[in-house]
Amino acid sequence: MALKIAIVGRPNVGKSTLFNRLAGKKLAIVDDQPGVTRDRRFGVGRLGDLDLELIDTAGFEDVTDESLEARMRAQTELAVDEADLALFVVDAREGITPGDEIFADVLRRKGKPVIVAANKSESKASESGVLEAFGLGLGEPIPISAEHGEGMADLYAAVAALSTDEDDDEEAEAADKPVSIAIVGRPNAGKSTLVNRLIGEDRLLTGPEAGITRDAIPVDWEWDGRAIRLVDTAGLRRKAKVQEKLEKLSTGDSIRAITFAEVVILVMDATHPLEIQDLQIADLVEREGRALVFVLAKWDLVEDPQARLAELVEEATRALPQLKGSPVVALSAETGRGLDRLMPAVFKAHADWSTKVKTRDLNDWLKMAVERHPPPAVGGRRVKPKYMAQTKARPPTFVLFASRADQLPDHYKRYLINSIRESFDLPGVPIRLTVKSNKNPFAEGEEKSGSGLSRERQPEGKTGLAAKIRRAAAAKAKAGAEAGPRPARTKAAKKPGNPRGRAAKLARPGVKPKRASRPSSNPKRPR
């Protein structure tokens, strides 16, 4: 069974770097700026032969008011309560600070096993800091370097000594793969509040400040017997406004979450919905081929909700025709109003996104669609659609075989896509359509064999010996044409002189021709 470890400590001591090192991949955002991590991040890692369940936490701050730092401290203490072991990370270069001592007292009161890891110990300057860590009273500190991977063997020995030796022979049943749902939107639209309301606990930091969430935080959840992984993301602003390095990292993490999601929930502030940034995010989701659900958050602040909802649905259809029919859910995460309509809409979009259409039904539809609206003639010749098949789902992808496929206009492709969406009830689902030409395999074989009948005339080169010969012949023909017609050829008169050939042989004395004409008394019959 995996050992659950909470990686804790004050800000900027290397907790996220150690988390990435143990997880084997860069899951958490790392930067020199203190306080980058704010929410708890869960991950699966391995140290030697030990399976680990890791929890990355925010830096510990000694505050208890209503500030953001106080809420971050509460999240860290929750992580320690959930974990089997606390990995207390200190900075060996700076040594032990008063904040480290206060947090050591907090860990002592929790009663959890604690391992002290003196990070950044790759140089001799850190030796004094390692010795100071003995004064925390939490056991022997382990010098490590999370950045360079040093001291991992000593850390493994300490963790293995505190892990349980019980062997669980129970085979875990292979659960269904969870449905990955990314929750995206502009900053301060209510994404983290929506996640907390769905799972029923204060799992993520929320507040009036914009940009609290920085990492893409996955949260495992279950709804109606279905495993779900909700991914809360950082707010996406216009690219021109993103200047800081940290915000660029957060934006890249959010876009990566969209890429790996199955359904994307676009959360919009109901008081300012469908702004340019919202439309750009929705267009990005469509280009990535993900199912989309619009959520109008803070709906309790809207006056005349029925008329306003109809107006927003019409505006979304007009602004995003490629996502026509995407579900729009109006709710209030603060009060819970309308929340019961969200998950049915999400799973309806997921089912449409996973639809597989039978080939026979698809070709019956193609025949009717072409009869209703034939493809236009291009260059005096009509494109003839012949056969259609679905190659994959998620998103639905179709291949159309037609003559002169490269000349099929884009507007006719859009007509076919909209007709598919309408005929097979796929509202708001991104649909991919590829048009290919079905070549004659026998003609292709003749081309490969070099047959003169099927060989196309190769374009003549402009350089080389053959080109020079062609140019010389053309020049000669042109010169002959300009010189006028040639005179008629007359038979040349025989010049007197020595005979040649048979005449010379007969002219010799004493030579008779083989068949001399002689009179005969019994002439033979002619053959």
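Before any of the text, the structure's been laid out above.
Quick caveat, the model's predicted, so the values are computed rather than measured.

A. Representation of the overall build of the protein chain. Assigned secondary structure in the protein chain consists of 15 helices and 17 strands. Across the 527 residues that make up the protein chain, the buried fraction comes to 43%. By sequence separation, contacts in the protein chain at least 24 residues apart represent 69% of the contacts at least 6 residues apart. Only carbon and sulfur atoms are counted for the fraction: they give 50% of the accessible area of the protein chain, which is about 31,500 Å².

B. Looking closely at the side chain of Ser 419. With respect to the secondary-structure elements, Ser 419 resides in helix α12 (residues 410–423). Residue class for Ser 419 comes out buried when judged on its relative accessible area of 5%. When residues no more than four places from it in sequence are discounted, the contact partners of Ser 419 are Trp 365, Ala 369 and Arg 372.

C. Up close: helix α6 (residues 191–199). In terms of burial, α6 is largely enclosed, as 7 of its 9 residues are buried. If you check which residues of α6 are buried, you get Lys 191, Ser 192, Leu 194, Val 195, Asn 196, Leu 198 and Ile 199. In the core, the buried residues of α6 are packed alongside β7 (179–185), β8 (217–223), β9 (226–232), β10 (263–269) and α10 (342–353). Two residues or fewer past α6, Gly 200 is found with a positive phi of approximately 80°.

D. Looking closely at the pattern of salt bridges. In total, this model carries 21 salt bridges according to the counting rule given. When the shortest N-O distance is used, the salt bridge between Asp 100 and Arg 10 registers 3.0 Å. Separated by 90 residues along the polypeptide, Asp 100 in helix α3 (residues 98–110) and Arg 10 in the loop between β1 (3–8) and α1 (15–23) bring together distant segments of the chain. When sorted by exposure, Asp 100 lands in the same class as Arg 10, which is buried. Note that Glu 275 and Arg 186 form a salt bridge whose closest N and O atoms lie 3.5 Å from each other.

Criteria and cut-off values
- Residues numbered from 1 in each chain as written.
- Predicted model: local features only at pLDDT ≥ 70, side-chain atom pairs only at ≥ 80, totals over all residues.
- Heavy atoms only, no water.
- Helix = DSSP H or I, 4+ residues; strand = E, 2+ residues; numbered from the N terminus.
- Buried < 20%, exposed > 50% of the residue type's maximum accessible area, 1.4 Å probe, protein only.
- Contact = heavy atoms within 4.5 Å.
- Areas by Shrake-Rupley, 256 points an atom, 1.4 Å probe, with all protein chains shown as cover.
- Salt bridge = Lys/Arg side-chain N within 4 Å of Asp/Glu carboxyl O.

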